[in-house]
Amino acid sequence: MERGNVVVIGNSGVGKSTLINAVLGEQKAETNFGTKGTTDHLRIYTNEQIPFQIIDTQGFEPTFIKSRKAINQVKKWSKQSLKDENKEQRIHAIWFCVDGTARKLFPDALKNLAKATSLWKSVPVIVVITKSYSEPERVQNIELVHQAFEKDKQFKQRIKAVIPVVAEIYVINEEAYAAPAGIDELIEATNNLMPAGIKAAEADVKQFKLNRKRAMAHGLTVTATTSAAVVGAIPIPIADAVILGPIEVSLVNSLGKIYEIGKGEDAEVFKKSIVDVGTVGALAKGTTSLLKAIPGINIGAAVLNSVIAASVVAALGEATIYIFEQVYLGKKEVTDINWAVKMIEAKISPALIEKLTKILNEQGGQLKDPKTIAKIVSALFKN
């Protein structure tokens, strides 16, 4: 099995380094008695007998600036791991450490945890209650943790275990002490989570990349929609597909690059089919046909042309994003031309007329310049 990574997160002074040493069975992580933490950057610890690596992080400090520094270190590490050459850095499980002697879980610690691990939305979490010296209080501490996460249902589902630990012998007096406890349970629970954690990390990386592609694709479509609105406002018959053709071709090709649609013959035919259907299905009908399909509209010809042009490009862009996403995710192939054509036709026929009517009826008074038109049209078609 692939060797997984566990990131250790918690407030400064909670005992993360001491916990890591107990798990490794040797003094590798620097420790310090008191409330001030000792780890000021991310460090990786390994032991050939432990089937996972441990990543120690800077503790969350009471001050905002220091906490942000700790959060940003984890986020930077996570983003670097998105690259294939840094795949071994990906986080497969999280140990969230809370102090068993604190008797309460501070809201800031939960918020910092969520911010620092925001990329890893599916990765399993083990809450480790450190310094859990009092056996009678362990039950209360576990209940405290469950209550703290009660409001965040999604995060609560990711918590796979709550484990109280004593990482090193805690001497109470000459005759009483708290013996180490919970370490073996923590190692076993983490090891059992590794296969699922590795799969979850891969899924999180794919989703992060997909979200990033979506953001770029929607931004590109808005830009193309704005260009179409400007072109449409020019007093030239919009029935000439040549006018918007270059904008559509550029949009589809650019979206293809974002979604890594290849340059082979099949891919080129696939993209050309999308453009052809978008142009023929809407613009070839001409402005007159579209005007007849929208009764009761009292608006200037230039504005109407601008709205129609922007809507055609916006509809084409959003439909193409969906189609290319399905190909990128492996659910469809570039040879599925008939499916793609039907998707475009569905967006550029009744659906287009319906949305055009809604825009003109509800936003008619605000449709004055191409940029405003593009903004209104883009928002409607994205939704």
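Here's what I pulled together on the structure shown here. Since this is a predicted model, take the numbers as computed values, not measurements.

## Here we look at the overall build of the protein
Counting its secondary structure elements, the protein contains 13 helices and eight strands. Within the protein, the fraction of its 383 residues that count as buried is 46%. The long-range share in the protein, meaning contacts at least 24 apart out of those at least 6 apart in sequence, stands at 73%. Approximately 19400 Å² of the protein is accessible, and the part contributed by carbon and sulfur atoms is 53%.

## Description of the pairing of strand 5 (residues 125-130)
In terms of residue burial, strand 5 counts as a mostly covered element, since six of its six residues are buried. By the alternation rule, side chains of strand 5 split into Val125, Val127 and Ile129 and Ile126, Val128 and Thr130, which are all buried. Sheet topology note: the strand 4 (residues 93-99)/strand 5 ladder contains six bridges and is parallel. Directly across from Phe96, in strand 5, lies its bridge partner Val127. In this sheet, strand 6 (residues 159-164) lies alongside strand 5 in parallel orientation, the contact comprising five bridges. Across the sheet, the residue bridging to Val125 is Ile159, located in strand 6.

## Remarks on the packing of helix 10 (residues 301-328) against helix 11 (residues 337-348)
The axes of two packed helices give the description: the angle between them and the distance between them. Two elements in contact, helix 10 and helix 11, have axes separated by 9 Å at closest approach and are oriented at 150 degrees. Judged on the interaxial angle alone, helix 11 and helix 10 are roughly antiparallel. Like other packed secondary-structure pairs, helix 10 and helix 11 cross with a definite hand, here right-handed. Of the residues in helix 11, those in contact with Val312, Ala315, Leu316, Ala319, Thr320, Tyr322, Ile323 and Gln326 of helix 10 are Trp339, Ala340, Met343, Ile344, Lys347 and Ile348. Of the residues in the contact of helix 10 with helix 11, the class split is eleven nonpolar, two polar and one charged.

## Here we look at helix 10
Along an α-helix, a turn takes 3.6 residues, which lines up residues three or four apart on a common side. The terminal C-alpha atoms of helix 10 lie 40 Å apart, and with 28 residues this matches the ideal 40 Å at 1.5 Å per residue to within 8%. Burial runs high along helix 10: 24 of the 28 residues are buried. In the stretch just after helix 10, Gly330 is the one whose phi turns positive, near 80 degrees.

About the criteria used
- Residues numbered from 1 in each chain as written.
- Predicted model: local features only at pLDDT ≥ 70, side-chain atom pairs only at ≥ 80, totals over all residues.
- Heavy atoms only, no water.
- Helix = DSSP H or I, 4+ residues; strand = E, 2+ residues; numbered from the N terminus.
- Buried < 20%, exposed > 50% of the residue type's maximum accessible area, 1.4 Å probe, protein only.
- Contact = heavy atoms within 4.5 Å.
- Areas by Shrake-Rupley, 256 points an atom, 1.4 Å probe, with all protein chains shown as cover.
- Pairing = 2+ DSSP bridges.
- Axes fitted to C-alpha atoms, helices over the stretch in contact; angles between N-to-C directions.
- Parallel < 35°, antiparallel > 145°, perpendicular 65-115°, else oblique.
- Left-handed = near helix turned anticlockwise from the far one by under 90°.
- Nonpolar A, V, L, I, M, F, W, Y, C, P; charged D, E, K, R; others polar.
- Expected span 1.5 Å × (residues − 1).

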